[in-house]
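The primary structure of each chain is shown beneath.
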Amino acid sequence: MQTADQILQAIRKLGEQRQPLTRIYRSLFNPQLYLAAYHKLSRNQGALTPGSENDTVDGMSLKRIRKLIADLREEQFRFRPARRIHIPKKSGGSRPLGLPNFTEKLIQEVLRMILEAYYEPRFRDSSHGFRTGRGCHTALTQIHQQFQGASWLIEGDIKGCFDNIDHQVLLDILSRDIQDGRLFNLIRMSLDAGVLEDWVYHRTYSGTPQGGVLSPLLANIYLHELDTFIEETIVPQSDINKSVALAHRSTRTTRTTDDFPLYATPTIFCSALSGRRQRRKPSKQLSEHSSMIACISP
């Protein structure tokens, strides 16, 4: 039986080589992945927090893991809805938070491990949010090193990022690489599980609930499209359009999940976005309160 590390190393190589994921669902039959997932989740404070049912880390055993694997093998596993609560935000208002049952957390963590191994080698260096060994400090370091001489700063904060992720767009992105129907369907079911709020069931047509184990990675996969667009469309335009270039020499960006500063020429940035809108209706909006365009030259 392969170890969890061996399985993930093989999947990582597929990601590095841009090979599609095929016949990966059968990896979910290996209990080593669940033991690795349990080891990580059991140390979190939320492991004892119940979701929509009284299903926590208490009582987790190899017997339960084997039963879970049997359900997956027979394709009988179904995600139960997460319990939704609202927590206050420092800026006012509240933020919805999803609390999955522990069994769902365990499955989501295994899926996260598999998808992270595959997609991590493909993410851009400008992406820092919810990535191992990266965060606000590495983003600030990149800004310090690469944003020297900037004249204009565009600070973007995507409004309700987690709540408004378009399921169909996300599934279209995933379908480019996941050519395993059973694995793809399992991810789709996790998105469609719905939520319980005040014990009333609500279907989920969009979004990945904050608090879900898999949500940050799915958001990064979704926003990787933004990173690619900026680096492959906006940056080349700023480099070649010398007549209107106000930035130092080229456009640069860095992103921590749904927040990203971009220094560029506003003319190039706006014209590039205009062309993008003509090709495809955007599915994200910027927050008016925390997004801005500013001149930062002395």
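Relevant structure appears above.
In this text the structure is predicted, and so the values were computed from the model without any measurement.

(A) Region of the structure containing the overall build of the protein chain. When you go through the protein chain residue by residue, the secondary structure sums to nine helices and eight strands. Classification of the 298 residues of the protein chain by burial places 48% in the buried group. The contacts of the protein chain with a sequence gap of at least 6 include a subset with a gap of at least 24, amounting to 75%. Per element, the accessible surface of the protein chain, about 16,000 Å² overall, is 50% carbon and sulfur.

(B) Inspection of the nonpolar core at higher detail. By size, the foremost hydrophobic cluster in this structure holds 58 residues, and its most contacted members are Tyr34, Leu72 and Leu186. Those elements giving two or more residues to this core turn out to be helix H1 (4–16), helix H2 (31–41), helix H3 (62–73), helix H4 (102–119), helix H6 (167–175), helix H7 (181–191) and helix H8 (215–240). Dropping the residues within four chain positions of it, leucine 186 is found in contact with Tyr25, Leu28, Leu72, Phe77, Phe79, Ile107 and Leu111.

(C) Structural detail: the packing of aromatic side chains. All told, the structure shown has five aromatic pairs when counted by the stated rule. For the ring pair tyrosine 38 and phenylalanine 102, a centre distance of 6.4 Å and an interplane angle of 85 degrees mean the geometry is edge-to-face. Note that tyrosine 38 is positioned in helix H2 and phenylalanine 102 in helix H4, a separation of 64 residues in sequence. Judged by centre distance (5.0 Å) and plane angle (80 degrees), the ring pair of phenylalanine 77 and phenylalanine 79 falls under edge-to-face. With respect to burial, phenylalanine 77 and phenylalanine 79 carry one shared label: buried. Following the ring pairs from residue to residue traces out a cluster consisting of Tyr118, Tyr119 and Phe123.

Scoring rules and cut-offs
Residues numbered from 1 in each chain as written. Predicted model: local features only at pLDDT ≥ 70, side-chain atom pairs only at ≥ 80, totals over all residues. Heavy atoms only, no water. Helix = DSSP H or I, 4+ residues; strand = E, 2+ residues; numbered from the N terminus. Buried < 20%, exposed > 50% of the residue type's maximum accessible area, 1.4 Å probe, protein only. Contact = heavy atoms within 4.5 Å. Areas by Shrake-Rupley, 256 points an atom, 1.4 Å probe, with all protein chains shown as cover. Core = buried A, V, L, I, M, F, W, Y, C linked by side-chain atoms within 4.5 Å. Phe/Tyr/Trp six-rings, centres within 6.5 Å; stacked < 30°, edge-to-face > 60°.

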